Amino acid sequence: MANLPPPHSGGPSSGAPSAPTPAAEDENIPTAEQLVLDLCNPELREKTLSLLSKHRDKFQQDIGPLLWHSFGTMAALLLAQSNRVCNALALLQCVASHPDTRMPFIKAGIPVYLYPFLNTTYKTRQYEFLRLTSLGVIGALVKVDDQDVIAYLLSTEIIPLCLRTMELGSDISKTVATFIVQKMILDDSGLKYICTTCERFFALSNVLAQMLEALVEQPSPRLLKHIIRCYLRLTDNPSACHALRTHLPSVLRDGTFNYFLEKDPPTRLWLHQMLHNIAMANSGGGGPHTGPSRVMGM
């Protein structure tokens with residue numbers, strides 16, 4: 001890690017001291033090693049969490065392994081409370097995103113500590129911050145296509161928790177949760193998980209349809225992009241594709257979102273491919289709409 005530059009020696013020669021400039025603030029930040037040590041000191045923990053969270057990009061790829069391998073640090077993060085929690089979660093995201101610590105992070109079962117924040121139905125600002133920051137940790141895990149990561153997350157039932165956020169969260173939380181689901185079902189095991197039973201398929205398709213309905217009044221091109229990609233991936237499963245012949249929202253067929261799709265050619269192509277796949281689906285192939293207990297064929 002490069003050494004931080006020495007503190008600036010200049011300053012005003014007279015008058016009241018002025019507030020430090022952003023550059024001066026950066027120069028006074030302790031090293032990453034010192035900050036990680038300070039996390040284990042209860043008297044310094046809150047300030048240190050704030051500093052590390054605010055400046056974690058400054059330390060780039062070094063901070064994840066440093067947090068993971070330092071004695072007592074992960075325990076200190078898991079013990080963080082109240083306003084410290086979001087800062088602690090931001091640092092957990094550093095560990096989750098680093099290739100050297102991603103799998104140890106998963107094998108230690110750290111993600112399940114975040115699930116209560118995703119399971120809450122409260123919509124206040126504080127809970128929304130916790131929800132969004134927790135999703136950021138899971139998003140960091142799925143961002144890199146790794147079958148072991150997907151298998152672990154499927155075993156913890158992360159998809160139902162994401163569906164809850166897609167129903168209740170803010171626009172940005174819905175977007176991150178939908179991105180996570182998208183990455184999950186792009187893996188074959190994730191698509192199989194969703195399409196094995198009609199209950200799971202309809203749980204996802206109903207939430208996607210609800211979000212689309214809301215987008216008519218409050219458009220979000222980023223969220224629309226992830227929704228359409230999810231629908232396209234569902235058409236890769238014959239039974240799900242057949243079910244979408246009758247369960248695809250009309251707003252995806254009637255040009256409601258053409259204005260936004262004209263500015264996003266890749267998403268427009270996804271929509272056209274999805275509609276083509278559905279049109280070509282074999283009408284005699286069966287599907288989950290034939291009965292609530294039917295197991296969808298793979």
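Since the structure is predicted, the reported quantities are computational estimates derived from the model, not experimental observations. (Residues numbered from 1 in each chain as written. Predicted model: local features only at pLDDT ≥ 70, side-chain atom pairs only at ≥ 80, totals over all residues. Heavy atoms only, no water.)

This brings us to the overall build of the chain. A count of helices and strands for the chain gives 18 helices and zero strands. Across the 298 residues that make up the chain, the buried fraction comes to 47%. Within the chain, counting contacts between residues at least 6 apart in sequence, those at least 24 apart form 73% of the total. Within the structure as shown, the chain displays about 15400 Å² of accessible surface, and the carbon and sulfur contribution to it stands at 53%. (Helix = DSSP H or I, 4+ residues; strand = E, 2+ residues; numbered from the N terminus. Buried < 20%, exposed > 50% of the residue type's maximum accessible area, 1.4 Å probe, protein only. Contact = heavy atoms within 4.5 Å. Areas by Shrake-Rupley, 256 points an atom, 1.4 Å probe, with all protein chains shown as cover.)

Turning our eyes to something else, we now look at the nonpolar core. Ranked by size, the top nonpolar core spans 84 residues in total, and within it F105, L153, I158, Y231 and L234 carry the most contacts. A total of nine residues in this core trace back to one element, the largest contributor, which is helix α14 (residues 198-217). Setting aside anything within four residues of it in sequence, one finds Y231 in contact with S205, L208, A209, L212, L244, L248, P249, L252 and M274. (Core = buried A, V, L, I, M, F, W, Y, C linked by side-chain atoms within 4.5 Å.)

The subject of this paragraph is the packing of helix α12 (residues 171-186) against helix α15 (residues 221-234). For the pair α12 and α15, interaxial distance at closest approach is 9 Å and the crossing angle is 25 degrees. One finds that α12 runs roughly parallel with respect to α15. Considering only the axes of α12 and α15, their crossing is left-handed. For the pair formed by α12 and α15, the contact residues are D171, K174, T175, T178, F179, V181, Q182, I185 and L186 on the first element and R222, L223, H226, I227, R229, C230 and R233 on the second. (Axes fitted to C-alpha atoms, helices over the stretch in contact; angles between N-to-C directions. Parallel < 35°, antiparallel > 145°, perpendicular 65-115°, else oblique. Left-handed = near helix turned anticlockwise from the far one by under 90°.)

This brings us to unusual backbone geometry. For E157, which is not a glycine, the phi torsion comes out positive at approximately 60 degrees. Note that E157 resides in the loop between α10 (147-155) and α11 (158-168). Given a relative accessible area of 41%, E157 falls into the partly exposed group.

On to the confidence of the model for the chain, then. Chain-level pLDDT for the chain is 83 on average; 82% of the residues reach the 70-or-more range. Scored below 50 in pLDDT, residues 284-298 makes 40 contacts in the model with residues more than four places away or belonging to other chains. (pLDDT = per-residue confidence, 0-100.)

With 20 residues, α14 ought to run about 28 Å at 1.5 Å a step, and its terminal C-alpha atoms sit 29 Å apart, in line with that. Buried residues of α14: C198, F201, F202, L204, S205, V207, L208, M211, L212 and L215, and no others. The elements touched by buried residues of α14 are α11, α12, α13 (188-195), α15 and α16 (238-247). (Expected span 1.5 Å × (residues − 1).)

For the rest of this paragraph, the subject is the environment of Q34. Position of Q34 among the secondary structure elements: in helix α2 (residues 32-38). For the pair formed by Q34 and T48, sequence separation is 14 residues and the distance between their alpha carbons is 9.6 Å. Polar side-chain contacts of Q34 include one of 2.9 Å to the side chain of D38. (Polar contact = N/O pair within 3.5 Å; in protein donor to acceptor, adjacent residues only side chain to side chain.)

Next up on the list: the side chain of H226. When you line up the elements, H226 lands in helix α15. Excluding residues within four positions of it along the chain, H226 makes contact with T175, T178, F179 and Q182.

A few words now on the layout of surface pockets. A volume near 440 Å³ is recorded for the largest pocket. Considering the residues around the largest pocket, the lining is formed by 21 residues, among which Q93, S97, G136, A140 and K143 are closest to the centre. In terms of residues, the lining of the largest pocket owes the most to one element, helix α9 (residues 125-143), which gives four residues. (1 Å grid on protein atoms, 1.4 Å probe; cavity = no way out; pocket = protein on both sides within 12 Å on 5 of 7 lines; lining within 4 Å. Points joined across faces, edges and corners; volume = space filled by probe spheres on them.)

Enumeration according to the criterion identifies five salt bridges in this entry. The shortest N-O distance in the salt bridge between K225 and D264 comes to 3.7 Å. One end of the pair, K225, is in helix α15; the other, D264, is in the loop between α17 (258-261) and α18 (265-279), with 39 residues separating them in the sequence. Owing to a relative accessible area of 26%, K225 belongs among the partly exposed residues under this scheme. Salt bridges sharing common partners tie together D188, R233 and D236. (Salt bridge = Lys/Arg side-chain N within 4 Å of Asp/Glu carboxyl O.)

Here we come to α18. Each full turn of the α-helix corresponds to 3.6 residues, which orients residues three or four apart in the same direction. Taking 1.5 Å per residue, 15 residues should reach 21 Å; α18 reaches 21 Å between its end C-alpha atoms and fits that length. Every buried residue of α18 is listed here: T267, L271, M274, N277 and I278. Projection of α18 onto a plane perpendicular to its axis shows the buried side chains occupying an angular sector of 130 degrees, all on one side. Turned more than 90 degrees away from the buried face of α18 sit L269 and A279, all of them exposed. Buried residues along α18 sit against α15, α16 and α17. (Arc of directions from axis to C-beta.)

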